[in-house]
Amino acid sequence: MKKVIGFDIDDTLNVAKTPMTGEMADIFSQLLDYYKVCVISGQKLEQFMRQIIAPMGSAARPARLQNLHLMVAQGTQYYTYQGGADDDPTNTANWHQVHSYPLTDEQINKITSSLEQVAKELGYWDDNPDGEINENRISQVTFSALGQAAAPEDKYQWDPDHHKREAIVKRMRELAPEFDYEIGGTTSINVFKPGMNKTFGMNKLIEQLGINKSDILYFGDMTQPGGNDYPVKMMGIDTITVEKWQDTAFALRGIVGVSR
C-alpha cells in the first residue's frame, strides 16, 4: 500500500496552464481523504492556486488540504496548508512555506540574458509573446517560447517532438554550463542550480514525512530522459507515465475505489 500519491501538473492533472476540470477536481479531492498527496511542478505558487486549488471549490476543506503538499519550482519551494475552515484556500497567505532556495540576482540575470541570446540565435524568439517568455520563479527561471499565457492549442503545436527545446538546451549548456536544464510542459525549459530538480523536491518530501521511496506512487507525462519527471523515475519511485489528464483520472478512479 502506498502512503503518498505524487503528481506533475500540466498534461498530468490538466490541459497545460488551465485549471483542472470539474471531473478531475472531484477525483483529486476524494484522493485527499485517503492519502498524502504531493503536487510538484516548475510553476509558481499562484499557478498552483489557479490550476489545482480553485477548481476544488467547496471540496477544498482544511481536513483534506492538510494532506496536500505543494512543491513549487520543482520542490525548491515547499508549502503546506495552515488555513482554517473560514479561510480562502486560494489565498497564498494561508499556505506555510516550509523552505525556499532562491537564485541570486546575478544568476537570474545570467540565465535570462543567455536564454534570450540563444533563442534569437536559433530563430526561436517570439517578438510578440502572450505573456512573459523568461519568467523569474525565484528558485528557477522558466523559458516559455510563446509566452506564459499563450493558448494551449498554439503551445501543443510549437515543439511536439522537443527538438527546438533540445537545441536551445544544447546551446545553453555551452553558454551557461553552471546551471541544469529540463524540458517541461509544451514550450518550456526550466533552468536552475545543479541538483535542484524534482529529485531534490521528492527527497525533501520524504524527509518531511518520514517515509521511504517505496511509499510513493508518482504520475507524470515527461518521464523520458531530459524530461522534468525523469529524475523522479530515476530515484526508483514507482512511476506511471501518462499522456493527458484523462489517463490520470482513469487510474485515480481505481485507486479511490479500492481505498474506500
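The structure this text deals with has already been given above.
Residues numbered from 1 in each chain as written. Predicted model: local features only at pLDDT ≥ 70, side-chain atom pairs only at ≥ 80, totals over all residues. Heavy atoms only, no water.

A.B. asks: Would you take a moment to explain the side chain of Glu182 for this structure?
C.D. replies: Residue placement: Glu182 occurs in strand β8 (residues 180-184). Although buried, Glu182 forms no salt bridge, and the nearest oppositely charged side chain, Lys198, lies 6.8 Å from it. In this structure the side chain of Glu182 is engaged in a polar contact, spanning 3.1 Å, whose partner is the side chain of Gln74. (Helix = DSSP H or I, 4+ residues; strand = E, 2+ residues; numbered from the N terminus. Buried < 20%, exposed > 50% of the residue type's maximum accessible area, 1.4 Å probe, protein only. Lys, Arg positive; Asp, Glu negative; His and termini not counted. Salt bridge = Lys/Arg side-chain N within 4 Å of Asp/Glu carboxyl O. Polar contact = N/O pair within 3.5 Å; in protein donor to acceptor, adjacent residues only side chain to side chain.)

A.B. asks: Explanation requested: the pattern of salt bridges in the structure shown.
C.D. replies: One side chain can pair with another of opposite charge once the charged atoms of both are near each other. Here the structure, examined in full by the defined rule, presents 14 salt bridges. The shortest N-O distance in the salt bridge between Lys17 and Asp10 comes to 3.4 Å. Here the two residues Lys17 and Asp10 agree in accessibility, since each one is buried. Arg165 serves as the salt-bridge partner of Asp159, at 2.8 Å between the closest nitrogen and oxygen. Take Asp159: its relative accessible area is 2%, and that puts it in the buried class. Residue Arg165 is classed as buried on the basis of its relative accessible area, which comes to 1%. A cluster of three or more residues bridged by salt bridges with shared partners is formed by Asp8, Lys198 and Asp229.

A.B. asks: When you look at helix α2 (residues 45-56) in this model, what are you seeing that I'm missing?
C.D. replies: Residues spaced three or four apart along an α-helix face the same direction, because each turn holds 3.6 residues. Compared with an ideal rise of 1.5 Å per residue, which puts 12 residues at 16 Å, α2 spans 16 Å between its outermost C-alpha atoms and is within 8% of the ideal. Within the sequence span of α2, burial applies to Leu45, Gln47, Phe48, Met49, Gln51, Ile52, Ile53 and Met56. Gly57 sits one or two positions beyond α2 and adopts a positive phi of about 55°. (Expected span 1.5 Å × (residues − 1).)

A.B. asks: Even after reading the chapter, I still don't get unusual backbone geometry, so can you show me in this structure?
C.D. replies: Outside of glycine, negative phi angles account for most residues, and trans bonds account for most peptide bonds. Its identity is not glycine, yet Lys17 carries a phi of approximately 65°, on the positive side. Judged by relative accessible area, which is 13%, Lys17 ranks as buried. Even without a glycine there, the phi angle at Gln74 is positive, about 65°. Structurally, Gln74 can be placed in the loop between β3 (68-72) and β4 (77-81).

A.B. asks: What am I meant to see in the packing of aromatic side chains here?
C.D. replies: Inspection of the entire model under this criterion finds 5 aromatic pairs. Summarising the aromatic geometry, the rings of Phe7 and Phe28 are spaced 5.9 Å apart at their centres and angled 55° between planes, so their arrangement reads as tilted. Taken as a pair, Phe7 in strand β1 (residues 4-7) and Phe28 in helix α1 (residues 22-31) lie far apart in primary sequence, 21 residues in all. The exposure class of Phe7 is buried, given its relative accessible area of 0%. When its relative accessible area of 0% is taken as the criterion, Phe28 is described as buried. (Phe/Tyr/Trp six-rings, centres within 6.5 Å; stacked < 30°, edge-to-face > 60°.)

A.B. asks: Teacher, can you tell me more about the sheet that holds strand β5 (residues 95-100) here?
C.D. replies: Paired through backbone hydrogen bonds, the strands of a sheet run either parallel or antiparallel to each other. Across the sheet, 7 strands lie side by side as β5-β4-β3-β2-β1-β10-β11; this open sheet has mixed pairing. The open sheet terminates on both sides in strands that have one partner only, identified here as β5 and β11 (238-241). The average angle at which neighbouring strand axes cross in this sheet is 20°, direction not considered. Along the sheet face, helix α7 (residues 198-209) touches β1, β2 (36-40), β3, β4, β5 and β10 (216-220) and points at about 155° away from the line of β2. Packed onto the sheet, helix α9 (residues 245-259) meets β1 and β10 and runs at close to 155° relative to β10. (Pairing = 2+ DSSP bridges. Axes fitted to C-alpha atoms, helices over the stretch in contact; angles between N-to-C directions. Contact = heavy atoms within 4.5 Å.)

A.B. asks: Please clarify how α1 should be interpreted in this entry.
C.D. replies: Burial analysis of α1 places 7 of its 10 residues in the buried class, which makes it a mostly covered element. Within α1, burial applies to Met24, Ala25, Ile27, Phe28, Ser29, Gln30 and Leu31. Packed against the buried residues of α1 are β1, β2, α2, α3 (62-65), β3 and α9.

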